[in-house]
Amino acid sequence: MSTFKAAVVQAAPVPFDLSAGVDKTIAFMKEARANGADLIAFSECWLPGYPFFIWLGSPFWSMQFLERYHENCLAVDGAEMARLQEAAANLQIEVVLGYSERSNGTRYMGQCLIESDGTLAFTRRKLKPTHMERTMFGEGDGGDLVVAETRLGRIGALNCWEHIQPLNKYAMYSMHEQVHVSAWPSFCMSEEDVHALGPTVNHAASRVYAVEGQCFVLAPCAVTTEDYIDLVCDSPDKRAILHAGGGVSMIYAPDGRELCESLGPHEEGLIYADIDLSLITYAKATADPVGHYAKPDATRLVFDQRSKPPVQLLQDAEAHASSEESAEDAE
(Lines give C-alpha, C1' and ligand atoms only; values in the text may rest on other atoms or scores of the structure.)
Protein backbone atom coordinates (compact mmCIF):
# COMPACT_ATOMS: atom_id res chain seq x y z
CA MET A 1 0.00 0.00 0.00
CA SER A 2 1.60 3.28 -1.09
CA THR A 3 -1.04 5.41 0.65
CA PHE A 4 -2.89 4.77 3.91
CA LYS A 5 -4.13 6.50 7.05
CA ALA A 6 -2.17 6.35 10.31
CA ALA A 7 -3.42 7.08 13.84
CA VAL A 8 -1.46 8.16 16.91
CA VAL A 9 -2.81 7.74 20.45
CA GLN A 10 -2.52 10.51 23.02
CA ALA A 11 -4.07 9.31 26.27
CA ALA A 12 -3.53 8.44 29.91
CA PRO A 13 -2.47 4.84 30.54
CA VAL A 14 -4.28 2.78 33.16
CA PRO A 15 -1.62 2.63 35.89
CA PHE A 16 -0.88 -0.68 37.61
CA ASP A 17 -3.73 -2.48 35.80
CA LEU A 18 -2.67 -4.47 32.75
CA SER A 19 -6.09 -5.98 32.02
CA ALA A 20 -7.85 -2.59 32.03
CA GLY A 21 -5.00 -1.15 29.98
CA VAL A 22 -5.48 -3.82 27.32
CA ASP A 23 -9.21 -3.00 27.27
CA LYS A 24 -8.39 0.66 26.65
CA THR A 25 -5.85 -0.28 23.98
CA ILE A 26 -8.38 -2.34 22.06
CA ALA A 27 -10.95 0.45 22.35
CA PHE A 28 -8.52 2.85 20.64
CA MET A 29 -7.76 0.23 17.98
CA LYS A 30 -11.48 -0.06 17.24
CA GLU A 31 -11.91 3.72 17.08
CA ALA A 32 -8.95 4.13 14.75
CA ARG A 33 -10.14 1.37 12.43
CA ALA A 34 -13.67 2.80 12.35
CA ASN A 35 -12.13 6.07 11.16
CA GLY A 36 -10.25 4.35 8.35
CA ALA A 37 -6.79 3.96 9.92
CA ASP A 38 -4.59 1.04 8.83
CA LEU A 39 -1.92 1.68 11.46
CA ILE A 40 -2.06 2.84 15.09
CA ALA A 41 0.84 3.79 17.38
CA PHE A 42 1.01 3.97 21.19
CA SER A 43 3.37 5.76 23.57
CA GLU A 44 6.39 4.47 25.47
CA CYS A 45 5.44 2.02 28.24
CA TRP A 46 1.76 2.54 27.43
CA LEU A 47 1.08 -0.73 29.24
CA PRO A 48 0.89 -0.42 32.24
CA GLY A 49 2.06 3.22 32.14
CA TYR A 50 5.47 4.84 32.37
CA PRO A 51 6.87 4.51 35.94
CA PHE A 52 7.37 8.17 36.78
CA PHE A 53 7.74 7.21 40.45
CA ILE A 54 11.36 6.21 39.76
CA TRP A 55 12.21 9.91 39.26
CA LEU A 56 10.57 11.14 42.46
CA GLY A 57 12.77 9.74 45.22
CA SER A 58 15.54 7.30 46.00
CA PRO A 59 15.54 3.83 44.42
CA PHE A 60 14.75 2.46 47.88
CA TRP A 61 11.68 4.73 48.15
CA SER A 62 10.39 3.72 44.71
CA MET A 63 10.60 0.02 45.64
CA GLN A 64 7.17 0.38 47.30
CA PHE A 65 5.68 0.35 43.77
CA LEU A 66 7.88 -2.38 42.33
CA GLU A 67 5.84 -5.55 42.91
CA ARG A 68 2.55 -4.03 41.75
CA TYR A 69 4.19 -2.56 38.67
CA HIS A 70 6.09 -5.74 37.80
CA GLU A 71 3.02 -7.95 38.05
CA ASN A 72 1.15 -5.67 35.63
CA CYS A 73 3.86 -5.53 32.98
CA LEU A 74 3.20 -7.31 29.68
CA ALA A 75 4.67 -10.74 28.97
CA VAL A 76 5.34 -11.20 25.25
CA ASP A 77 4.10 -14.80 25.40
CA GLY A 78 1.22 -14.04 27.78
CA ALA A 79 -2.56 -14.01 27.50
CA GLU A 80 -2.79 -10.21 27.28
CA MET A 81 -0.52 -10.08 24.23
CA ALA A 82 -2.61 -12.85 22.67
CA ARG A 83 -5.72 -10.69 23.23
CA LEU A 84 -4.08 -7.79 21.42
CA GLN A 85 -2.98 -9.99 18.53
CA GLU A 86 -6.49 -11.37 18.17
CA ALA A 87 -7.97 -7.87 18.21
CA ALA A 88 -5.53 -6.68 15.53
CA ALA A 89 -6.48 -9.63 13.33
CA ASN A 90 -10.20 -9.09 13.84
CA LEU A 91 -9.90 -5.39 13.03
CA GLN A 92 -7.25 -5.88 10.30
CA ILE A 93 -5.08 -3.09 11.67
CA GLU A 94 -1.33 -2.82 12.20
CA VAL A 95 -0.37 -1.90 15.78
CA VAL A 96 2.89 -0.49 17.13
CA LEU A 97 2.60 -0.87 20.88
CA GLY A 98 4.75 0.43 23.70
CA TYR A 99 4.87 -1.54 26.94
CA SER A 100 6.94 -2.47 29.95
CA GLU A 101 7.89 -6.07 29.31
CA ARG A 102 7.96 -8.63 32.14
CA SER A 103 10.42 -11.44 31.46
CA ASN A 104 10.72 -13.62 34.56
CA GLY A 105 12.32 -11.35 37.17
CA THR A 106 13.41 -8.55 34.84
CA ARG A 107 11.61 -5.73 33.06
CA TYR A 108 12.46 -4.16 29.70
CA MET A 109 11.14 -1.11 27.88
CA GLY A 110 9.49 -2.90 24.99
CA GLN A 111 7.83 -2.18 21.67
CA CYS A 112 6.22 -4.54 19.20
CA LEU A 113 4.63 -4.49 15.78
CA ILE A 114 1.48 -6.57 15.49
CA GLU A 115 0.49 -7.09 11.87
CA SER A 116 -3.07 -7.02 10.58
CA ASP A 117 -3.23 -10.83 10.57
CA GLY A 118 -2.32 -10.91 14.27
CA THR A 119 1.28 -12.07 13.88
CA LEU A 120 4.14 -10.37 15.72
CA ALA A 121 6.40 -8.83 13.08
CA PHE A 122 8.89 -7.91 15.79
CA THR A 123 9.35 -7.33 19.48
CA ARG A 124 12.17 -5.11 20.67
CA ARG A 125 13.70 -3.67 23.82
CA LYS A 126 15.14 -0.24 24.46
CA LEU A 127 18.90 -0.64 24.13
CA LYS A 128 19.90 1.64 27.00
CA PRO A 129 17.31 2.82 29.54
CA THR A 130 17.89 6.46 30.41
CA HIS A 131 19.26 7.58 33.77
CA MET A 132 16.80 6.54 36.53
CA GLU A 133 15.16 4.03 34.17
CA ARG A 134 18.20 1.82 34.75
CA THR A 135 16.98 1.22 38.32
CA MET A 136 13.85 -0.44 36.89
CA PHE A 137 14.69 -1.89 33.45
CA GLY A 138 17.24 -4.13 31.76
CA GLU A 139 18.98 -3.41 28.46
CA GLY A 140 18.42 -4.58 24.90
CA ASP A 141 21.08 -5.44 22.31
CA GLY A 142 21.78 -5.10 18.59
CA GLY A 143 18.95 -7.49 17.76
CA ASP A 144 16.55 -4.84 19.07
CA LEU A 145 17.31 -2.43 16.23
CA VAL A 146 14.91 -3.82 13.66
CA VAL A 147 12.71 -2.75 10.75
CA ALA A 148 9.95 -5.00 9.42
CA GLU A 149 8.57 -5.31 5.91
CA THR A 150 4.77 -5.09 6.10
CA ARG A 151 1.84 -4.58 3.76
CA LEU A 152 2.10 -0.85 4.60
CA GLY A 153 5.82 -0.57 3.97
CA ARG A 154 8.94 -0.81 6.11
CA ILE A 155 8.11 0.03 9.73
CA GLY A 156 10.43 0.50 12.71
CA ALA A 157 10.32 1.99 16.20
CA LEU A 158 12.48 3.47 18.95
CA ASN A 159 11.75 4.69 22.47
CA CYS A 160 12.33 8.19 23.81
CA TRP A 161 16.03 9.11 24.09
CA GLU A 162 17.09 6.37 21.72
CA HIS A 163 16.38 9.24 19.31
CA ILE A 164 19.31 11.30 20.57
CA GLN A 165 21.81 8.46 20.07
CA PRO A 166 23.18 9.09 16.55
CA LEU A 167 24.45 5.53 16.05
CA ASN A 168 21.04 4.02 16.85
CA LYS A 169 19.47 6.28 14.27
CA TYR A 170 22.01 5.52 11.56
CA ALA A 171 21.52 1.78 12.08
CA MET A 172 17.78 2.26 11.63
CA TYR A 173 18.26 4.42 8.53
CA SER A 174 20.41 1.67 7.03
CA MET A 175 17.35 -0.61 7.02
CA HIS A 176 15.44 1.89 4.85
CA GLU A 177 12.55 2.70 7.15
CA GLN A 178 9.51 4.27 5.57
CA VAL A 179 7.39 4.71 8.70
CA HIS A 180 8.96 5.18 12.11
CA VAL A 181 7.25 5.25 15.52
CA SER A 182 9.02 7.67 17.85
CA ALA A 183 7.42 6.78 21.20
CA TRP A 184 7.58 9.04 24.25
CA PRO A 185 6.12 9.07 27.77
CA SER A 186 4.12 12.06 28.96
CA PHE A 187 6.07 15.33 29.04
CA CYS A 188 4.87 16.00 32.58
CA MET A 189 8.13 16.75 34.35
CA SER A 190 8.95 20.39 35.02
CA GLU A 191 10.38 21.81 31.79
CA GLU A 192 11.55 24.87 33.72
CA ASP A 193 13.83 22.69 35.83
CA VAL A 194 14.87 20.11 33.21
CA HIS A 195 14.41 21.64 29.77
CA ALA A 196 15.94 18.64 27.98
CA LEU A 197 13.10 16.40 29.24
CA GLY A 198 10.36 18.69 27.92
CA PRO A 199 8.39 18.60 24.66
CA THR A 200 10.39 21.30 22.87
CA VAL A 201 13.62 19.32 22.76
CA ASN A 202 12.13 15.87 22.34
CA HIS A 203 9.72 16.65 19.54
CA ALA A 204 12.59 18.38 17.80
CA ALA A 205 14.28 14.97 17.94
CA SER A 206 11.25 13.34 16.27
CA ARG A 207 11.15 16.00 13.55
CA VAL A 208 14.87 15.71 12.90
CA TYR A 209 14.52 11.92 12.65
CA ALA A 210 11.96 12.42 9.88
CA VAL A 211 14.28 14.75 7.99
CA GLU A 212 17.47 12.72 8.51
CA GLY A 213 15.86 9.38 7.69
CA GLN A 214 13.48 10.74 5.02
CA CYS A 215 10.61 8.79 6.57
CA PHE A 216 7.24 9.43 8.13
CA VAL A 217 7.42 9.71 11.92
CA LEU A 218 4.51 8.95 14.23
CA ALA A 219 5.28 10.50 17.63
CA PRO A 220 2.80 9.36 20.31
CA CYS A 221 3.05 10.40 23.94
CA ALA A 222 0.85 9.90 26.98
CA VAL A 223 -1.16 12.19 29.25
CA THR A 224 -0.59 12.42 33.01
CA THR A 225 -3.65 12.82 35.23
CA GLU A 226 -4.14 14.30 38.69
CA ASP A 227 -5.24 10.85 39.83
CA TYR A 228 -1.84 9.43 38.86
CA ILE A 229 -0.06 12.24 40.66
CA ASP A 230 -2.12 11.52 43.79
CA LEU A 231 -1.16 7.85 43.46
CA VAL A 232 2.62 8.29 43.37
CA CYS A 233 3.31 11.64 45.07
CA ASP A 234 3.29 11.61 48.87
CA SER A 235 4.86 15.00 49.56
CA PRO A 236 4.91 18.59 48.20
CA ASP A 237 8.43 18.19 46.83
CA LYS A 238 7.34 15.23 44.71
CA ARG A 239 4.28 17.11 43.48
CA ALA A 240 6.61 19.88 42.36
CA ILE A 241 8.31 17.46 39.96
CA LEU A 242 5.20 16.20 38.10
CA HIS A 243 2.35 18.18 36.62
CA ALA A 244 -0.85 17.04 34.94
CA GLY A 245 -1.09 17.04 31.14
CA GLY A 246 2.06 16.56 29.12
CA GLY A 247 0.40 15.35 25.93
CA VAL A 248 2.19 16.64 22.81
CA SER A 249 1.70 14.01 20.08
CA MET A 250 2.40 14.68 16.40
CA ILE A 251 2.92 13.10 12.97
CA TYR A 252 5.74 14.32 10.71
CA ALA A 253 6.36 14.04 6.97
CA PRO A 254 9.75 13.09 5.46
CA ASP A 255 10.47 16.80 4.93
CA GLY A 256 9.71 17.65 8.59
CA ARG A 257 6.24 19.09 8.08
CA GLU A 258 3.54 18.56 10.70
CA LEU A 259 0.76 16.53 9.08
CA CYS A 260 -2.05 17.09 11.58
CA GLU A 261 -3.39 19.37 14.28
CA SER A 262 -2.20 18.61 17.80
CA LEU A 263 -4.46 17.92 20.76
CA GLY A 264 -4.34 19.93 23.98
CA PRO A 265 -1.82 18.78 26.62
CA HIS A 266 -4.60 17.35 28.82
CA GLU A 267 -6.70 15.98 25.95
CA GLU A 268 -7.13 12.29 25.22
CA GLY A 269 -7.83 11.10 21.70
CA LEU A 270 -6.43 10.14 18.32
CA ILE A 271 -4.66 12.22 15.72
CA TYR A 272 -4.58 11.10 12.08
CA ALA A 273 -2.56 11.68 8.94
CA ASP A 274 -2.63 10.37 5.40
CA ILE A 275 0.67 8.65 4.59
CA ASP A 276 1.88 8.79 0.97
CA LEU A 277 5.07 6.76 0.68
CA SER A 278 5.87 8.28 -2.72
CA LEU A 279 6.96 11.46 -0.90
CA ILE A 280 9.97 9.57 0.43
CA THR A 281 11.44 9.37 -3.09
CA TYR A 282 11.46 13.16 -3.36
CA ALA A 283 12.96 13.58 0.12
CA LYS A 284 15.78 11.12 -0.61
CA ALA A 285 16.58 12.84 -3.89
CA THR A 286 18.18 15.59 -1.82
CA ALA A 287 19.95 13.61 0.91
CA ASP A 288 19.93 9.86 1.49
CA PRO A 289 22.22 9.34 4.54
CA VAL A 290 22.91 5.66 3.75
CA GLY A 291 22.91 6.11 -0.03
CA HIS A 292 24.23 8.86 -2.26
CA TYR A 293 24.75 11.24 0.70
CA ALA A 294 26.93 8.79 2.66
CA LYS A 295 30.75 9.04 2.89
CA PRO A 296 31.92 5.54 3.87
CA ASP A 297 35.52 6.41 3.01
CA ALA A 298 35.44 8.86 5.93
CA THR A 299 32.88 7.53 8.44
CA ARG A 300 31.19 4.14 8.75
CA LEU A 301 29.03 2.42 11.38
CA VAL A 302 29.82 -1.08 12.65
CA PHE A 303 26.39 -2.56 13.45
CA ASP A 304 26.19 -5.93 15.21
CA GLN A 305 22.55 -7.04 14.95
CA ARG A 306 23.08 -10.43 16.59
CA SER A 307 21.07 -11.04 19.78
CA LYS A 308 23.25 -12.02 22.73
CA PRO A 309 21.32 -13.90 25.42
CA PRO A 310 23.08 -14.35 28.78
CA VAL A 311 22.87 -18.13 28.39
CA GLN A 312 23.27 -19.98 25.09
CA LEU A 313 22.15 -23.61 25.23
CA LEU A 314 23.87 -25.98 22.83
CA GLN A 315 22.15 -29.15 21.68
CA ASP A 316 24.04 -32.43 22.26
CA ALA A 317 25.20 -32.72 18.64
CA GLU A 318 26.34 -29.13 18.52
CA ALA A 319 28.10 -29.44 21.87
CA HIS A 320 29.85 -32.65 20.72
CA ALA A 321 31.00 -31.00 17.50
CA SER A 322 32.22 -27.99 19.44
CA SER A 323 34.23 -30.16 21.85
CA GLU A 324 35.80 -32.04 18.93
CA GLU A 325 36.78 -28.77 17.28
CA SER A 326 38.28 -27.57 20.57
CA ALA A 327 40.29 -30.81 20.85
CA GLU A 328 41.55 -30.45 17.28
CA ASP A 329 42.55 -26.84 17.96
CA ALA A 330 44.44 -27.96 21.07
CA GLU A 331 46.39 -30.56 19.03
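The structure under discussion appears in the preceding block.
These figures come from a predicted structure and were not determined experimentally. (Residues numbered from 1 in each chain as written. Predicted model: local features only at pLDDT ≥ 70, side-chain atom pairs only at ≥ 80, totals over all residues. Heavy atoms only, no water.)

What follows concerns the overall build of the protein. A count of helical and extended segments in the protein gives 10 helices and 11 strands. Radius of gyration (C-alpha) of the protein: 21 Å, near the 20 Å computed for a compact globule of 331 residues. When the backbone C-alpha atoms are referred to their principal axes, the protein occupies close to 70 × 50 × 45 Å. Expressed as a percentage of the 331 residues in the protein, the buried residues total 52%. If you sum the accessible surface of the protein, you get close to 15100 Å²; carbon and sulfur atoms cover 52% of it. (Helix = DSSP H or I, 4+ residues; strand = E, 2+ residues; numbered from the N terminus. Rg over C-alpha atoms; globule rule 2.2 N^0.38 Å. Buried < 20%, exposed > 50% of the residue type's maximum accessible area, 1.4 Å probe, protein only. Areas by Shrake-Rupley, 256 points an atom, 1.4 Å probe, with all protein chains shown as cover.)

This part takes up the nonpolar core. For soluble globular proteins, nonpolar side chains are generally found buried alongside one another. Among the nonpolar cores identified, the biggest contains 47 residues, and Phe4, Leu39, Val179 and Leu218 are the most heavily contacted of them. Aside from chain neighbours lying at most four places away, what touches valine 179 is Phe4, Leu39, Arg154, Ile155, Gly156, Cys215, Phe216, Leu218, Ile275 and Leu277. Core analysis: the second largest hydrophobic core is formed by 26 residues, Leu18, Val22, Ile93 and Val95 among them. (Core = buried A, V, L, I, M, F, W, Y, C linked by side-chain atoms within 4.5 Å. Contact = heavy atoms within 4.5 Å.)

This part is about the pattern of salt bridges. In this structure the tally under the stated criterion is 20 salt bridges. The partner of arginine 151 in a salt bridge is glutamate 94, and the shortest N-O contact between them spans 2.9 Å. Residue arginine 151 is located in the loop between β6 (147–150) and β7 (153–159), and its partner glutamate 94 is located in strand β3 (residues 94–103); the two are separated by 57 residues in the primary sequence. Overall, the relative accessible area of 0% leaves glutamate 94 in the buried class. Its salt-bridge partner being glutamate 149, residue arginine 154 comes within 2.9 Å of it at the nearest N-O pair. Given the relative accessible area of 23%, arginine 154 is considered partly exposed. The class of glutamate 149 is exposed, set by a relative accessible area of 55%. Three or more residues are tied together by salt bridges with common partners; here these are Arg33, Asp38, Glu94 and Arg151. (Salt bridge = Lys/Arg side-chain N within 4 Å of Asp/Glu carboxyl O.)

Another aspect to go through is the sheet that holds β3. Pairing within the open sheet is mixed, and its 6 strands lie in the order β5-β4-β3-β2-β1-β11. Looking at the sheet topology across the chains shown, the edges are occupied by β5 (120–125) and β11 (269–276). Each strand axis lies, on average, 25° off the axis of its neighbour in the sheet, ignoring direction. Lying over the sheet, helix α4 (residues 79–91) contacts β3, β4 (106–114) and β5, oriented at roughly 10° with respect to β4. (Pairing = 2+ DSSP bridges. Axes fitted to C-alpha atoms, helices over the stretch in contact; angles between N-to-C directions.)

Where helix α1 (residues 18–34) contacts α4, the two axes come as close as 10 Å, and the packing angle between them is 10°. With respect to α4, the element α1 is oriented roughly parallel. Contacts between α1 and α4 involve Leu18, Ser19, Val22, Asp23, Thr25, Ile26, Met29, Lys30 and Arg33 on the former and, on the latter, Glu80, Arg83, Leu84, Ala87, Ala88 and Leu91. (Parallel < 35°, antiparallel > 145°, perpendicular 65-115°, else oblique.)

The residue after leucine 47, namely proline 48, is reached through a cis peptide bond having omega -5°. By the element assignment, proline 48 lies in the loop between β2 (39–41) and α2 (59–62). Look at phenylalanine 16: it is not a glycine, yet its phi comes out positive at around 60°. Positionally, phenylalanine 16 belongs in the loop between β1 (3–10) and α1. Its identity is not glycine, yet glutamine 214 carries a phi of approximately 50°, on the positive side.

Summed over all chains, the structure comprises 12 aromatic pairs. Site record: aromatic cluster; members linked through ring pairs are Phe16, Phe53, Trp61, Phe65 and Tyr69. In this structure, arginine 125 packs its charged tip against the face of tyrosine 108, placed 3.7 Å from the ring centre. (Phe/Tyr/Trp six-rings, centres within 6.5 Å; stacked < 30°, edge-to-face > 60°. Lys NZ or Arg CZ within 6 Å of the ring centre and 35° of its normal.)

Moving on to the environment of alanine 41. Considering the arrangement of structural elements, one finds alanine 41 in strand β2. Expressed as a C-alpha distance, the spacing of alanine 41 and leucine 314, which sit 273 residues apart in the sequence, is 38 Å. In this structure alanine 41 touches Ala7, Val8, Val9, Val96, Val181, Leu218 and Pro220, once residues within four positions along its chain are discounted.

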